[in-house]
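Remarks on the overall topology
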Amino acid sequence: MSRTAELSRKTKETDITARLDIDGAGTSDIHTGIGFFDHMLEGFSRHGFFDLTLSAKGDLQVDGHHTVEDTGIVLGTVIREALSDKKGIRRYASCILPMDESLVLCAVDLSGRPYLSFEAEFTAERVGDLDTELVREFFYAVSYTAGMNLHLKVLTPGNNHHMIEAMFKAFAKAMDEATSIDPRITGVLTTKGSL
C-alpha cells in the first residue's frame, strides 16, 4: 500500500505544492524562500525517513508568517491524506532529543483530534531569516490540519538554533514511530473502531 499524498494550495498570499511519501528514505527537495526553514524541513524529512518535495512562494516582502503557516497547513494536510484510514499504525510515539546543550520532548497521538501544547521560550527574534515566533505557528498549523495531538516542550533551553532544530528532529523521530505499521494491530489502534 502506497502511503503518499500531494497537494497544491494557492491563495493571495502563498502558492505551495507538496508531495509526501511516509515510507520514504528521507530524501527532500525543499524551497520556501526562507533558508533556515528549509533546513528544518530537510531535517524533518531526513530524520523521519519521509520523502518530501515542497515548493512555497509567499509574500516574503511582507514577512515570513504566511509562508510558514501555510506550509504547515499543506504539510499537515498531506500527512493526514497519506495516512488515510490509519490502519495498522502505532498511533502514539514520543522522543526526547538532545542537541548539544538543548533537550526537547516531542509526543504525538495521531488520534484525529487536533491539539497543540508548545512550551518554548526563545531569546532571539530570528534565527537566520526565520522569525522564532513562527515556529509555534508552524507546528500549530501542522497539528490542526493533520488532526494530531502534538506536545513539544523544551526541557533544557540553550542556543535558539539548537532548540528549534531539536524540535523539528524530535518531531520527525516521533512521527516516524507513530506512522510505522505494527503487524500486531488489526484495523486501527482504538476501542472506538475508527480514528
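Below or above, wherever it landed, is the structure these notes cover. Everything quoted here is computed from the prediction, not taken from an experiment. (Residues numbered from 1 in each chain as written. Predicted model: local features only at pLDDT ≥ 70, side-chain atom pairs only at ≥ 80, totals over all residues. Heavy atoms only, no water.)

**Focus on helix 4 (residues 160-179)**
The first and last C-alpha atoms of helix 4 sit 28 Å apart over 20 residues, in line with the 28 Å expected at 1.5 Å per residue. Burial analysis of helix 4 places 16 of its 20 residues in the buried class, which makes it a mostly covered element. (Helix = DSSP H or I, 4+ residues; strand = E, 2+ residues; numbered from the N terminus. Expected span 1.5 Å × (residues − 1). Buried < 20%, exposed > 50% of the residue type's maximum accessible area, 1.4 Å probe, protein only.)

**With respect to the packing of aromatic side chains**
A full pass over the atoms with the stated rule returns eight aromatic pairs. For the ring pair F139 and F168, a centre distance of 4.9 Å and an interplane angle of 50 degrees mean the geometry is tilted. Taken as a pair, F139 in helix 3 (residues 134-146) and F168 in helix 4 lie far apart in primary sequence, 29 residues in all. This pair shows no difference in class: F139 is buried, exactly as F168 is. (Phe/Tyr/Trp six-rings, centres within 6.5 Å; stacked < 30°, edge-to-face > 60°.)

**Topic: unusual backbone geometry**
The phi angle at F49 is positive, at roughly 60 degrees, despite the residue not being glycine. With respect to the helices and strands, F49 occurs in the loop between helix 1 (35-48) and strand 4 (51-58). Positive phi, normally seen in glycine, also occurs at R91, with a value near 75 degrees. Tracing the backbone through its elements, the reader meets R91 in the loop between helix 2 (65-83) and strand 5 (92-99). Looking at R91, the relative accessible area reads 6%, which means it is buried.

**Overview of helix 3**
In a regular helix each residue adds 1.5 Å, so 13 residues correspond to 18 Å; helix 3 covers 18 Å between its end C-alpha atoms and thus fits that length. Considered for burial, the residues of helix 3 that qualify are L134, V135, F138, F139, A141, V142, S143, T145 and A146. On its buried side, helix 3 packs onto helix 1, helix 2, strand 7 (115-119), strand 9 (130-131), strand 10 (149-156) and helix 4. Taken from the residues just after helix 3, G147 is the one with a positive phi, measuring 75 degrees. (Contact = heavy atoms within 4.5 Å.)

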